[in-house]
Amino acid sequence: AAADAPAAEAADEAPAPDGKVVALEERLERMTAKIAREIASVDERLGDRLHLIDRDNDGIVDVEEIRDALAAIALRQNKFREDPEALEAFIQVALREIDANSDDVITVEEVEKWFDSLEEEVEDQ
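Not measured: the values here are computed from a predicted model.

1. Focus on the packing of helix α3 (residues 63–76) against helix α4 (residues 84–98)
For step 1, the next point in the chain: Two numbers describe how α3 lies on α4: the axes approach to 10 Å, and their chain directions differ by 130°. Relative to α4, the element α3 lies oblique. Both α3 and α4 take part in a crossing whose hand is right-handed. Contact with α3, carried on its side by Val63, Ile66, Arg67, Leu70, Ala71, Ala74 and Leu75, involves Leu87, Glu88, Phe90, Ile91, Gln92, Ala94, Leu95 and Ile98 of α4 and no other residues of that element.
For step 2, the next point in the chain: Its residues assigned to classes, the contact of α3 with α4 shows twelve nonpolar, one polar and two charged.

2. Let's talk about the pattern of salt bridges
For step 1, the next point in the chain: Applying the stated criterion to the full structure yields three salt bridges.
For step 2, the next point in the chain: With a closest N to O distance of 2.9 Å, Glu88 and Arg67 form a salt bridge. Of the two residues, Glu88 is situated in helix α4 and Arg67 in helix α3; the sequence distance between them amounts to 21 residues.
For step 3, the next point in the chain: On the basis of relative accessible area, Glu88 is assigned to the partly exposed category, the value being 33%.
For step 4, the next point in the chain: Here Arg67 falls in the buried class, since its relative accessible area comes to 17%.
For step 5, the next point in the chain: Notably, a salt bridge pairs Lys113 with Glu109, separated by 3.1 Å at the nearest N-O pair. Residue Lys113 and its partner Glu109 are both found in helix α5 (residues 108–124); the two are separated by four residues, about one turn of the helix.

Rules behind the numbers
Residues numbered from 1 in each chain as written. Predicted model: local features only at pLDDT ≥ 70, side-chain atom pairs only at ≥ 80, totals over all residues. Heavy atoms only, no water. Axes fitted to C-alpha atoms, helices over the stretch in contact; angles between N-to-C directions. Helix = DSSP H or I, 4+ residues; strand = E, 2+ residues; numbered from the N terminus. Parallel < 35°, antiparallel > 145°, perpendicular 65-115°, else oblique. Left-handed = near helix turned anticlockwise from the far one by under 90°. Contact = heavy atoms within 4.5 Å. Nonpolar A, V, L, I, M, F, W, Y, C, P; charged D, E, K, R; others polar. Salt bridge = Lys/Arg side-chain N within 4 Å of Asp/Glu carboxyl O. Buried < 20%, exposed > 50% of the residue type's maximum accessible area, 1.4 Å probe, protein only.

Next up, the structure:
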């Protein structure tokens, strides 16, 4: 039994984490927390402003309205400004992701679920 004692002690003692690894993990945690805060802010603004896209408040957003909104947001953030083909590709992917049931009708619920899925992707990283 005494011979087992050193092995048990060694199993209890995990090697000390490398300082660089710890620093990277802490940095990643801070970055993830910042992204989560930004997503929460966007989510809050989306809830407040989604009615601006859904002008008749019927819970359905026209595909062209979403297209225009995505383009405006991307261009306002200086994304794809020099590459209209890339902007169109981005919009097409986003529309496919948002219109979950592929019926060419985008509901407020689909937009909310899309943002939730983006938030989950960020949390998983």
